[in-house]
Amino acid sequence: MKNSLQSLSARALFAAIAASTALVVLPGCAVSRGQSSVGEYIDDTTITTQVKARMVENKQVDAAAISVETLNGTVMLSGFAKSGTERDTAETIARNVKGVKSVKNEIVVRAS
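Summarised in this report is the structure supplied together with it. If you're wondering where the values come from, they're calculated on a predicted model, not measured in any experiment.

Description of helix α2 (residues 38–57)
Turning to step 1, where the next piece is worked out: Its 20 residues place the ends of α2 29 Å apart at the C-alpha level, agreeing with the 28 Å of an ideal helix rising 1.5 Å per residue.
Turning to step 2, where the next piece is worked out: Taken residue by residue, α2 has Asp-44, Ile-47, Thr-48, Val-51 and Met-55 as its buried positions. Within α2, the buried residues cover an arc of 95 degrees as seen down the axis, which keeps them to one side. Within α2, the exposed residues directed more than 90 degrees away from the buried face are Val-56 and Glu-57.
Turning to step 3, where the next piece is worked out: Packing partners of the buried residues in α2 comprise β1 (66–71), β2 (74–81) and α3 (84–95).

Encoded structure:
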């Protein structure tokens, strides 16, 4: 019983140290990207992941040719598309992801 209490105390101490470290380190990373909190950084990362996943699922969009970045809910699309339809579809996919406030579409259509 005594060993299990010591083990539990050690794990609790480790968790507290890890959480404290995250609170000190992560906000610094987030602020340097323009987010005001770790929560905003996580939200932006989630949006980016969802946009990319939906592009991979959509056969009209070459997800490998399009970059997605998110900052404070604004999605920036860049890269190359084979047609205006592909460019527009990528933008529509991004706009339909929960949490997206706006989309900046800088995808360039390559002339064939």
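There's plenty left to go through after this.
Here we look at unusual backbone geometry
Turning to step 1, where the next piece is worked out: A positive phi angle, close to 55 degrees, is found at Asn-72, a residue other than glycine.
Turning to step 2, where the next piece is worked out: Assignment of secondary structure puts Asn-72 in the loop between β1 and β2.
Turning to step 3, where the next piece is worked out: The exposure class assigned to Asn-72 is partly exposed, which follows from its relative accessible area of 33%.

Topic: the sheet that holds β1
Turning to step 1, where the next piece is worked out: Here we have three strands laid out as an open sheet, ordered β1-β2-β3, and mixed in their pairing. Bordering the open sheet on either side are β1 and β3 (102–109), each of which pairs with just one other strand. Each strand axis lies, on average, 10 degrees off the axis of its neighbour in the sheet, ignoring direction.
Turning to step 2, where the next piece is worked out: By the bridge criterion, six bridges tie β1 to β2 in an arrangement that is antiparallel. Following the sheet pairing, Ser-67 is matched in β2 by Ser-78.
Turning to step 3, where the next piece is worked out: The sheet strands contacting α2 are β1 and β2, and the helix crosses β1 at an angle near 155 degrees.
Turning to step 4, where the next piece is worked out: The strands that α3 touches are β1, β2 and β3; relative to β3, the one it contacts most, it runs at about 160 degrees.

Describing the nonpolar core
Side chains of a nonpolar character, in soluble globular proteins, are inclined to be buried together.
Turning to step 1, where the next piece is worked out: Ranked by size, the top nonpolar core spans 17 residues in total, and within it Val-51, Met-55, Val-75, Leu-77 and Ala-90 carry the most contacts.
Turning to step 2, where the next piece is worked out: For this core, the secondary-structure elements that each account for two or more residues are α2, β1, β2, α3 and β3.
Turning to step 3, where the next piece is worked out: When neighbours within four sequence positions are excluded, Val-51 is seen to be in contact with Val-68, Ile-93, Ala-94 and Val-97.

Details of α3
Turning to step 1, where the next piece is worked out: A rise of 1.5 Å per residue sets the reference length of α3, with its 12 residues, at 16 Å; its end C-alpha atoms lie 17 Å apart and thus fit the reference within 8%.
Turning to step 2, where the next piece is worked out: Taken together, the buried positions of α3 are Glu-86, Thr-89, Ala-90, Glu-91, Ile-93 and Ala-94.
Turning to step 3, where the next piece is worked out: Looking at the buried residues of α3, the elements they touch are α2, β1, β2 and β3.

With respect to the packing of aromatic side chains
Turning to step 1, where the next piece is worked out: All told, the structure shown has zero aromatic pairs when counted by the stated rule.
Turning to step 2, where the next piece is worked out: Directly above the ring of Phe-80 sits Arg-110, whose terminal nitrogen or CZ lies 4.4 Å from the centroid.

Examining the environment of Ile-47
Turning to step 1, where the next piece is worked out: The topology assignment puts Ile-47 in helix α2.
Turning to step 2, where the next piece is worked out: By relative accessible area, which is 5% here, Ile-47 ends up buried.
Turning to step 3, where the next piece is worked out: The spatial distance from the C-alpha of Ile-47 to the C-alpha of Gly-99 is 6.9 Å, given a sequence separation of 52 residues.
Turning to step 4, where the next piece is worked out: Sequence-distant contacts of Ile-47, that is, excluding residues within four places in its chain, are made with Thr-70, Gly-73, Val-75, Val-97, Lys-98, Gly-99 and Val-100.

What counts and what doesn't
- Residues numbered from 1 in each chain as written.
- Predicted model: local features only at pLDDT ≥ 70, side-chain atom pairs only at ≥ 80, totals over all residues.
- Heavy atoms only, no water.
- Helix = DSSP H or I, 4+ residues; strand = E, 2+ residues; numbered from the N terminus.
- Expected span 1.5 Å × (residues − 1).
- Buried < 20%, exposed > 50% of the residue type's maximum accessible area, 1.4 Å probe, protein only.
- Arc of directions from axis to C-beta.
- Contact = heavy atoms within 4.5 Å.
- Pairing = 2+ DSSP bridges.
- Axes fitted to C-alpha atoms, helices over the stretch in contact; angles between N-to-C directions.
- Core = buried A, V, L, I, M, F, W, Y, C linked by side-chain atoms within 4.5 Å.
- Phe/Tyr/Trp six-rings, centres within 6.5 Å; stacked < 30°, edge-to-face > 60°.
- Lys NZ or Arg CZ within 6 Å of the ring centre and 35° of its normal.

Nothing here speaks to function; it is all geometry.
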